[in-house]
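Summary of structural features
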Protein chains: 2
Amino acid sequence: MKLLITGGAGFLGSLLARTLLARGTLAGSRIERLVLTDLAPPPAELVADPRVEGRTGALLPQCAALAAERWDGVFHLASAVSAECEADFELGLRSNLDTTRALLDGLRAAGNVPRLVFASSAAVFGGDPPALPVPRLVRDDTLPLPQTSYGTQKLVLEQLLADYTRKGFIDGRAVRLLTVSVRPGRPNGAASGFLSGIIREPLAGQVSVCPVAPETEVALASPARTVAALIAVYEATREAYGGRTALNLPALSVKVADMLAALERVAGPEVRALVRVEPEPRIERIVGTWPARFEAQRAAVLGLQPDPDFEGIVRQYVHEHPQALKVPLRG
Amino acid sequence: MKLLITGGAGFLGSLLARTLLARGTLAGSRIERLVLTDLAPPPAELVADPRVEGRTGALLPQCAALAAERWDGVFHLASAVSAECEADFELGLRSNLDTTRALLDGLRAAGNVPRLVFASSAAVFGGDPPALPVPRLVRDDTLPLPQTSYGTQKLVLEQLLADYTRKGFIDGRAVRLLTVSVRPGRPNGAASGFLSGIIREPLAGQVSVCPVAPETEVALASPARTVAALIAVYEATREAYGGRTALNLPALSVKVADMLAALERVAGPEVRALVRVEPEPRIERIVGTWPARFEAQRAAVLGLQPDPDFEGIVRQYVHEHPQALKVPLRG
């Protein structure tokens, strides 16, 4: 089979590619070709695989020709992120709305009804006027009320995807990804960045600022569970996926204080002490509108479960990014 | 003030124009100029008013120049209808999605933050898998799940409107219009067409077929209440409008049997007998996914109430369209 991953050089895209290549098959078919599009080239280790081809450059002008290649499956992860879309309204419209529309129209024109998994986001929720009722619980039928252009664009694309699917042009499935923690690499300036930073930076021997009160509850998923969800949604029958509405994922609901306690159990009190809690009202207000709990019944039907605890997530990060560690670990 | 009505030559658009011209003011300002755009020219009696100008032609290519005229207010009613969008997918994308996006981008570029009322539709509801729970009740926080491209496009535009409003580019308000009954004129082929036809055709001395069982409950609004809602939403403060989410309207919930009984009270049993009930499973399935009841609390805050009864709606039609009557009336 021929697979396309847009945003394939990003953190999630390349982890998904690596996972798919290791499996060798998807939905019972052998993966013969895997094309990764992104603004930057994919990691060298991925391109070294004879099945992989990287295509570098903006996606929008490529969409029509790309879609005409008649893919069996597409993971559409490419997206401008939340902070970018707030800073540059037209960038968000172009990179998210126009690009995905062009991709959908291209796939419709190709006529082979490819399966497409779209990375939507829990950022479709927020509230307007803000605030989900305490405890910021989201159910499968909770009304999305985006608070950002990014969330708006994701919600709009979920709806278009559902209609292109209803019309039989594609077999589209949208998954609302959660905040992923622990992300490797550099801070990315997103309001959610600290949810990786307060673990990643101390493990690299660096000070990290936590801008919310320790009792703040957040909803997270590990990189591995996030990629597993994308694959499970791809492989699901339409019946199991259940309708055409975007799928919420099960979340690990955890207090920031418990995240820091897990860090201390893995790396000791000196590493934990590198995190300085300095609440910033602006960030607290934003985080306070995010869902903290998910009752994801449709996802459970697909066998998707939340990460069992945050300590396991820290250990997963430590295991997979030994080069990023600058502190001795315990046990 | 300078007002624009897109779709201003249509039934609702010209009724809105007539109502506004008779009032003379909107939100406390004198209406000095009223431009009506549409594919067809507006009724002659409207263009005869010195405040009115008609512009005929497709809206999409006009949007940028039109929006640059710096309107105080816009009623955006122009839309391809449900049946057209199902029959011609690209027409719906172009006439609804692309045109409204171009209008919003034009108004954003104009920079004067005009107030804009967008005619969305209760067609955003439907269910996926279909069917609202009995009694097909919609609340202000009911999750829209469109069953048509038209409903999808309306929902998408509601979301874009909300985001353009959040960003301060326009002061946008979306109203989900209900099935309007009794519409004058010819049958329009819409699945909902019979909800006007079973009153209008018998009053014109013609046979009409009712394609659903008499006990079917539907949600309706009269033309006058629909136009009043558009004006009330325009005139509301943002606080009274309440957030940025599209507004549901209060509906008259009525059984088809009671609509026919009202017709008989107004026009007698011979006229009622011109309606032949011949249920069509295809139409019954569609109508069975439509909301039948609305609990519209936000609309109530704006003082909007449903039509009190269907007999009043029939009498309103009879009063306003005497030339369409071919039968003697009672009382």
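Conventions used here
- The residue count restarts for each chain, going from 1 along the sequence in the order it is written.
- Each chain takes a letter, starting from A, and each ligand takes a number, starting from 1, following the order in which they are written.
- Only residues with pLDDT of at least 70 are given local features in this predicted model, and only at 80 or more are side-chain atom pairs given and counted; all residues enter the totals for whole chains, interfaces and linings.
- Runs of H or I in DSSP of at least four residues are treated as helices and runs of E of at least two as strands, each being numbered from the N terminus.
- Partly exposed residues are those falling between the two cut-offs: more than 12 but fewer than 20 other C-beta atoms within 10 Å of their own, whereas 20 or more means buried and 12 or fewer means exposed, with C-beta atoms placed from the backbone.
- Contacts here follow a simple rule: the backbone-placed C-beta atoms of the two residues must lie within 7 Å.
- Note on pairing: two strands pair once DSSP finds at least 2 bridges between them.
- Copies are brought into register by a least-squares superposition over C-alpha atoms of residues with pLDDT of at least 70 in both.
- Take the residue count of a helix, subtract one, and multiply by 1.5 Å to get its expected span.
- This arc is taken over the directions from the axis of the helix to the C-beta atoms.
- Classification used: nonpolar for Ala, Val, Leu, Ile, Met, Phe, Trp, Tyr, Cys and Pro, charged for Asp, Glu, Lys and Arg, polar for all others including Gly.
- Put simply, a nonpolar core is a cluster of buried Ala, Val, Leu, Ile, Met, Phe, Trp, Tyr and Cys residues tied together by C-beta atoms within 7 Å.
- Axis definition: a line fit to C-alpha positions, over the contact stretch in the case of helices; interaxial angles, taken between N-to-C directions, run 0 to 180 degrees.
- An angle below 35 degrees is treated as roughly parallel, one above 145 as roughly antiparallel, one from 65 to 115 as roughly perpendicular, and anything else as oblique.
- Helix crossings fall into two classes, left-handed where the near helix is turned counterclockwise from the far one by less than a right angle and right-handed where it is turned clockwise.

**Examining the overall build of chain A**
On a plain count of helices and strands, chain A comes out with 14 helices and 16 strands. Overall, the C-alpha framework of chain A stretches about 60 × 50 × 40 Å when taken along its three principal axes. Residues classed as buried in chain A amount to 50% of the 331 residues present. Of all intrachain contacts in chain A linking residues separated by at least 6 positions in sequence, the fraction that spans at least 24 positions is 78%.

**Examining the pairing of strand E9 (residues 171–177) of chain A**
Residues and elements named next belong to chain A. For E9, a buried count of 5 out of 7 residues is recorded, marking the element as mostly surrounded by other parts of the structure. Here strand E7 (residues 115–121) runs beside E9; their pairing, made up of 7 bridges, is parallel. Paired with Ser 121 across the bridge in E9 is Leu 177. With 2 bridges joining them, E9 and strand E13 (residues 247–248) adopt parallel strand pairing. Each residue of the ladder has a partner; that of Val 175, found in E13, is Leu 247.

**Remarks on the relation of the copies chain B and chain A**
It takes a turn of 180° to lay chain B on chain A, together with a shift of 0.0 Å along the axis; the resulting RMSD is 0.0 Å. Such a turn and shift between the copies fits a two-fold axis.

**Some words on helix H10 (residues 256–267) of chain B**
Owing to its 3.6 residues per turn, the α-helix brings residues three or four apart onto one side. Residue and element names in this part refer to chain B. For H10, with 12 residues, the first-to-last C-alpha span of 16 Å sits near the 16 Å given by 1.5 Å per residue. Those residues of H10 that sit buried are Val 256, Met 259, Leu 260, Ala 262, Leu 263, Val 266 and Ala 267. Here the buried residues of H10 occupy an arc of 155° about the axis, which is enough to place them on one side. Remark: Gly 268 follows H10 within two positions and exhibits a positive phi of approximately 95°.

**Here's the deal with the interface of chain B and chain A**
Note: interface size is frequently given as the accessible area lost on complex formation between the parts. In this complex, chain B contributes 18 residues to the contact, which on the side of chain A involves 18 residues. Here the element with the most residues in the side of chain B that touches chain A is helix H6 (residues 149–166) of chain B; it accounts for 8 residues. Here the residues of the side of chain B that touches chain A are counted per class, giving 8 nonpolar, 5 polar and 5 charged.

**Considerations on the environment of B:Val209**
All names here are of chain B. Of note, Val 209 is situated in strand E11 (residues 208–210). Here the alpha-carbon distance between Val 209 and Val 275, two residues 66 residues apart in the chain, equals 5.7 Å. Ignoring any residue separated from it by four or fewer positions in sequence, one finds Val 209 in contact with Arg 276 and Glu 278.

**Description of the nonpolar core**
A:Val175, A:Val233, A:Leu249, B:Val175, B:Val233 and B:Leu249 are the most contacted members of the largest nonpolar core, which has 202 residues in total. The contacts of A:Val175, once residues within four sequence positions are left out, are A:Val117, A:Ala119, A:Ser120, A:Ala229, A:Leu230, A:Val233, A:Ala246, A:Leu247 and A:Leu249.

**Notes on the sheet that holds E13(A)**
Across the sheet, which stays open at both edges, the 7 strands sit in the order E5-E4-E1-E6-E7-E9-E13 (chain A) with parallel pairing between neighbours. At either margin of the open sheet sits one strand with a lone partner, and together these are strand E5 (52–56) and E13 of chain A.

**Focus on the sheet that holds strand E10 (residues 179–180) of chain A**
Paired through backbone hydrogen bonds, the strands of a sheet run either parallel or antiparallel to each other. All names here are of chain A. Strands sit in the order E10-E12-E14 across an open sheet of 3 strands; the sheet is mixed. Taken across any chain shown, the strands that pair with only one partner, and hence form the sheet edges, are E10 and strand E14 (252–255). Relative to E14, strand E12 (residues 217–221) runs antiparallel, the two sharing 4 bridges. Its bridge partner lying in E14, Val 218 is registered against Val 254. Seen against the sheet, helix H10 (residues 256–267) touches E12 and E14 and runs at an angle of roughly 85° to E14.

**Observations concerning the packing of H10(B) against helix H14 (residues 310–320) of chain B**
Residues and elements named next belong to chain B. Relative orientation of the contacting elements H10 and H14 amounts to 50°, with a least axis distance of 9 Å. Between H10 and H14, the crossing angle belongs to the class labelled oblique. You can see that H10 and H14 cross each other, and the crossing is right-handed. For the pair H10 and H14, the contacting residues are Asp 258, Met 259, Ala 262, Leu 263, Arg 265 and Val 266 in the first and Phe 310, Glu 311, Val 314, Arg 315 and Val 318 in the second.

**Observations regarding the packing of helix H5 (residues 89–110) of chain B against H6(B)**
Residues and elements named next belong to chain B. Put simply, H5 and H6 touch, their axes get as near as 10 Å, and they point 10° apart. Accordingly, the angle class assigned to the pair H5 and H6 is roughly parallel. Mapping the contact onto sequence places Phe 89, Gly 92, Asn 96, Leu 97, Thr 100, Arg 101, Leu 104 and Arg 108 in H5 and Ser 149, Tyr 150, Gln 153, Val 156, Leu 157, Leu 160, Leu 161 and Tyr 164 in H6. Here the contact of H5 with H6 is built from residues that sort into 9 nonpolar, 5 polar and 2 charged.

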